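Here is what each chain is made of, one letter per residue.
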Amino acid sequence: MNKSDLIKALSDRGDMPLKEARAAVEAFFTAMEEAILREDRIEIRGFGSFCVKKYGAYVGRNPKTGERIQVPPKRLPYFKVGKELKERIDS
Amino acid sequence: MTKSDLVEALHGRVGFSRKRSAEVVGLILELIKEALERGEKVKISGFGNFEVREKAARRGRNPQTGETITITERRVLTFKPSQVLKERLNHRR
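Residue positions are given per chain, counting from 1 as you read along its sequence in written order. All chains are assigned letters beginning at A, and all ligands numbers beginning at 1, according to the order in which they are written. Only residues with pLDDT of 70 or above have their local features reported here, since the model is predicted, and side-chain atom pairs are shown and tallied only from 80 upward, although totals for entire chains, interfaces and linings are computed over all residues. In computing side-chain properties, one takes all heavy atoms of the structure into account and sets aside hydrogens as well as water.

Asks: Tell me about the domain arrangement of chain A, and name the residues and values.
Replies: Residues and elements named next belong to chain A. Annotation of chain A at the domain level lists domain 1 (1-38) and domain 2 (39-91). With centres defined by C-alpha atoms, the gap from domain 1 to domain 2 works out at 24 Å. Any pair of residues with heavy atoms lying within 4.5 Å of one another is described as a contacting pair. On the domain 2 side, the residues contacting the five residues of domain 1 number seven residues. A simple way to read buried area is as the amount of 1.4 Å-probe accessible surface that goes missing from two parts once joined, with both sides added. Together, the buried faces of domain 1 and domain 2 total about 570 Å²; carbon and sulfur atoms form 71% of this surface. Contact with domain 2 buries area across many residues of domain 1, yet M32, I36 and R38 alone supply 80% of it, more than any other trio. Each salt bridge in this description consists of a side-chain nitrogen of Lys or Arg and a carboxyl oxygen of Asp or Glu lying within 4 Å of one another. Applying the counting criterion to the domain 1 and domain 2 interface returns one salt bridge. Domain segmentation is taken from an automatic or database assignment of domains.

Put into structure tokens, the structure is as follows:
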């Protein structure tokens, strides 16, 4: 399922025009993205939570050439699945 | 940020009533969960991909007792953030 499939499904199930479903899905993910960029933790019961993890700098290697490279510190979004969804997926 | 902030965001940005907005947020989450439950990958461009992965059974250890146990096969959910989101998180200001 991609974003347009989700928009179509929302339009059907939510009984709304496609245009409205598109605006809703866009607003939903924009709000999520903005929260992640603010490094605000997102907690959605029954689904899961997102937080930003910070990783320090380290010396890595280019796996192709074996050359040592300095990897700068970085931030990565991390998702932890919620209990309900975890159980629904594994059943 | 919680579900109620998402409800406010849809209310403010799309113009739904708060009640309708709450229904729509619930529906979006439910549709995503249903797709994942069917084992489908959910790809949201610009945000990231949710993927159900099949993990084979493996031998593990109870870290408290040190006892060897078999971890049964299972399906787990992984999220891979999009390149765009990762870059925006690291190259701002």
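Here the narrative resumes, following the displayed structure.
Asks: Describe in detail the pattern of salt bridges, supporting the description with residues and values.
Replies: Any two side chains of opposite charge can pair if their charged atoms end up close together. Residues and elements named next belong to chain B. On inspection of all chains with the given rule, the structure shows 18 salt bridges over all chains. Close ionic contact of K19 with E23 constitutes a salt bridge, the shortest N to O distance being 3.7 Å. Taken together, the positions of K19 and E23, both in helix α2 (residues 18-37) and four residues apart, correspond to about one turn of that helix. Accessible area is worked out with a 1.4 Å probe on protein chains only. A residue is then buried under 20% of its type maximum, exposed over 50%, and partly exposed in between. We classify E23 as partly exposed; its relative accessible area is 37%. The closest approach of N and O atoms between R38 and E40, which form a salt bridge, is 2.9 Å. For E40, a relative accessible area of 27% corresponds to the partly exposed category. Starting at the N terminus, helices and strands are each numbered in turn, a helix being any DSSP run of H or I of at least four residues and a strand any DSSP run of E of at least two.

Asks: Please provide a residue-by-residue account of the sheet that holds strand β5 (residues 74-81) of chain A, values included.
Replies: When DSSP finds two or more bridges between two strands, those strands count as paired. Overall, antiparallel pairing links the three strands, which are arranged β1-β2-β5 (chain A) in an open sheet. Among the strands making up the open sheet, the edge pair consists of β1 (42-44) and β5 of chain A. The average undirected angle you get between the axes of adjacent strands in this sheet is 25°. Relative to β5 of chain A, strand β2 (residues 48-55) of chain A runs antiparallel, the two being bridged by eight bridges. Paired with C51 of chain A across the bridge in β5 of chain A is Y78 of chain A. Relative to the sheet, helix α3 (residues 83-90) of chain B contacts β2 and β5 of chain A, its axis offset from that of β5 of chain A by approximately 130°. Orientation is described by axes fitted as lines to C-alpha atoms, over the contacting stretch for helices, and by angles from 0 to 180 degrees between their N-to-C directions.

Asks: Tell me about the nonpolar core, residues and numbers included.
Replies: As used in this record, nonpolar core signifies buried Ala, Val, Leu, Ile, Met, Phe, Trp, Tyr and Cys residues forming a set joined through side-chain atoms within 4.5 Å. Residues L10 of chain A together with F47 and F50 of chain B are the most contacted members of the largest nonpolar core, which totals 48 residues. Of the residues forming this core, the biggest block, 11 residues, is contributed by helix α2 (residues 18-37) of chain A. Leave out the neighbours within four places in its chain, and F47 of chain B touches F29, M32, E33, I36 and F50 of chain A together with F79, P81, S82 and L85 of chain B.

Asks: Residues and numbers for the domain arrangement of chain B, please.
Replies: Residue and element names in this part refer to chain B. Along its sequence, chain B is organised into domain 1 (1-38) and domain 2 (41-93). Here domain 1 and domain 2 have C-alpha centroids that lie 24 Å from each other. With five residues of domain 1 at the interface, the matching set in domain 2 holds five residues. Summed over both partners, the interface of domain 1 with domain 2 comes to about 390 Å²; 76% of that surface belongs to carbon and sulfur atoms. Inspection of the domain 1/domain 2 interface yields zero salt bridges.

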